[in-house]
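One-letter residues, chain by chain:
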Amino acid sequence: MSEEVRKPRPAPDPASAKYKLNMIAKQAYDDVAEAKKRGELIGWCASNFPVEIPETLGLHVCYPENQAAGIAARGGGERMCSIAEGMGYSNDICAYARISLAYASGAEAEEQPMPLPDYVLCCSNICSCMIKWYENLSRELQIPMIMIDIPFNPDYEVSDAETAYIRNQFLDAIAQLEKITGKKWSWDRYQEVMEISGRTSRAWLAATAMARYVPSPFNGFDLLNHMAVMVTARGKPEAAEAMETLLKEYEENHNKGISTYRGEEQHRIMFEGIACWPWLRVTSRGLRDRGINMVTTIYADAFGFIYEDFDGMCRAYAKVPNAINLEYARDKRIRLCQDNHVEGLLVHTNRSCKLWSGFMNEMSRQIGAACEIPVVSFDGDQADPRNFSEAQYDTRVQGLTEIMQSRKEA
């Protein structure tokens, strides 16, 4: 029997949003590496630390969460986690942290290398594990750590008192960075960065909102890949231009009746939680093979920040997913389900992310009741492949499919 001849993949289109976004993500690592070679001080930055601060100061920073996700997606998660466990870190702590701490100790990761930092930027609006993770980086590498405290908000709105507290935290972080790096803050430059960040965010949120159309003009798993640019580069003009291209492409897809989702869209779901990066293909295929499109996720929209001034930025970073109360978090998800005609909710109970997964049982119950949709969950991990069962995932998705199908037939 003759071997099947595989058709060569077409060359990527440099004008496409996918190409542009991939190049921005790659360039982010290259720029930091080049800055390090020039002798500039470079930093490691938490994903919900205000990116506008280092961008305004002209600093080069990279993101350990993105690096860990990239390493895990390319098959290196278990190796790096095992190295960290051999150093004495528990299997119970976040896999991102284990991968990062192993890398900082000298373990090689050809999947996604990046230079070691001269300072680290952390914030408390994600989780307490991240604070300890960055404290350990600071201690082990003997470098300064800048910490911004953004308190948990029990209310729907951010009070004036909390805004003032966060403002002082931001200004203190700026002063510390000026002292460490020798760079000077410019309010004119901040205005430029703020406007670019808003432009990028508006295009991104408008693109994700295109899922309101049936069928959706995109496969929701596209969002998980594209959002890396929203984390690392939303204050850069090229990011704004790429996101506007993405929005234009989705609008054209809708007008032409086509989609990046392969196959017939029979059901639409919301995916709750961080992706299982080591099993991204498996989790995507398990849905696609059943005609299910994951059209929305709070994880993608969380990195769209729109505000008008410095105080607005303070309030925006106090409204990220892990810093808000259950009721506000629930209502944001309910709106996404309703706006995007969601038929079911698939919840990733993430062993790494205790804070996110801890209140998800009750939140998902309330979302299911409010939207009258079925809810199923599966056990997994954002970066450690050992904590995911393909058989369990397949069973849970099959159950969700049968419920959605029976409701549609009824």
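This structure is a prediction, so every number in the text was calculated from the model and none was measured.

Caption draft 1: Representation of the domain arrangement of the protein. Taken domain by domain, the protein comprises domain 1 (17–185) and domain 2 (188–409). Across the contact, 51 residues belong to domain 1 and 55 residues belong to domain 2. One can count eight salt bridges joining domain 1 with domain 2. We note a salt bridge from Glu157 to Lys319, for which the minimum N-O separation is 3.2 Å. Applying the counting criterion to the domain 1 and domain 2 interface returns 25 residue pairs in polar contact (both at pLDDT 80 or more). When contributions to the side of domain 1 that touches domain 2 are tallied by element, the ones reaching two or more residues are helix H1 (17–37), helix H2 (52–57), helix H3 (64–73), helix H4 (77–86), helix H5 (95–104) and helix H7 (160–181). Its residues assigned to classes, the side of domain 1 that touches domain 2 shows 29 nonpolar, 10 polar and 12 charged.

Caption draft 2: Up close: the sheet that holds strand S6 (residues 292–296). Across the sheet, four strands lie side by side as S6-S5-S7-S8; this open sheet has parallel pairing. Single-partner strands in this sheet number two, and they are S6 and strand S8 (375–380). Averaged over all neighbouring strand pairs, the angle between strand axes comes to 35°, with direction disregarded. Inspection of the sheet shows strand S5 (residues 267–272) paired to S6 by four bridges, in the parallel sense. Across the sheet, residue Arg268 finds its bridge partner in S6, namely Asn293. In this fold helix H16 (residues 360–371) packs onto S5, strand S7 (344–350) and S8, with an angle of close to 180° to the strand it touches most, S7.

Caption draft 3: Local environment of unusual backbone geometry. Note the cis peptide between Val214 and Pro215, where omega equals 0°. In the Ramachandran plot, Gln142 falls in the positive-phi region, its phi being about 55° despite a non-glycine side chain. Along the chain, Gln142 falls in the loop between helix H6 (128–141) and strand S4 (145–148). Of note, the phi angle at His341 is positive, near 55°, even though the residue is not glycine. Looking at where His341 falls in the secondary structure, it is placed in the loop between helix H14 (326–339) and S7.

Caption draft 4: View of the state of the cysteines. In total, this model carries zero disulfides according to the counting rule given. Just so you know, Cys129 is unpaired, no disulfide at all, and the nearest cysteine sulfur is the one on Cys127, 5.1 Å from it.

Caption draft 5: Broad picture of H5. Counting buried positions along H5 gives 10 out of 10 residues, so the element sits mostly inside the fold. Taken together, the buried positions of H5 are occupied by Ala95, Tyr96, Ala97, Arg98, Ile99, Ser100, Leu101, Ala102, Tyr103 and Ala104. For H5, the elements touching its buried residues are strand S1 (42–45), H3, H4, H6 and helix H12 (298–301). One or two residues past the end of H5 sits Gly106, with phi positive at roughly 120°.

Rules behind the numbers
- Residues numbered from 1 in each chain as written.
- Predicted model: local features only at pLDDT ≥ 70, side-chain atom pairs only at ≥ 80, totals over all residues.
- Heavy atoms only, no water.
- Domains from an automatic or database assignment.
- Contact = heavy atoms within 4.5 Å.
- Salt bridge = Lys/Arg side-chain N within 4 Å of Asp/Glu carboxyl O.
- Polar contact = N/O pair within 3.5 Å; in protein donor to acceptor, adjacent residues only side chain to side chain.
- Helix = DSSP H or I, 4+ residues; strand = E, 2+ residues; numbered from the N terminus.
- Nonpolar A, V, L, I, M, F, W, Y, C, P; charged D, E, K, R; others polar.
- Pairing = 2+ DSSP bridges.
- Axes fitted to C-alpha atoms, helices over the stretch in contact; angles between N-to-C directions.
- Disulfide = S-S within 2.5 Å.
- Buried < 20%, exposed > 50% of the residue type's maximum accessible area, 1.4 Å probe, protein only.

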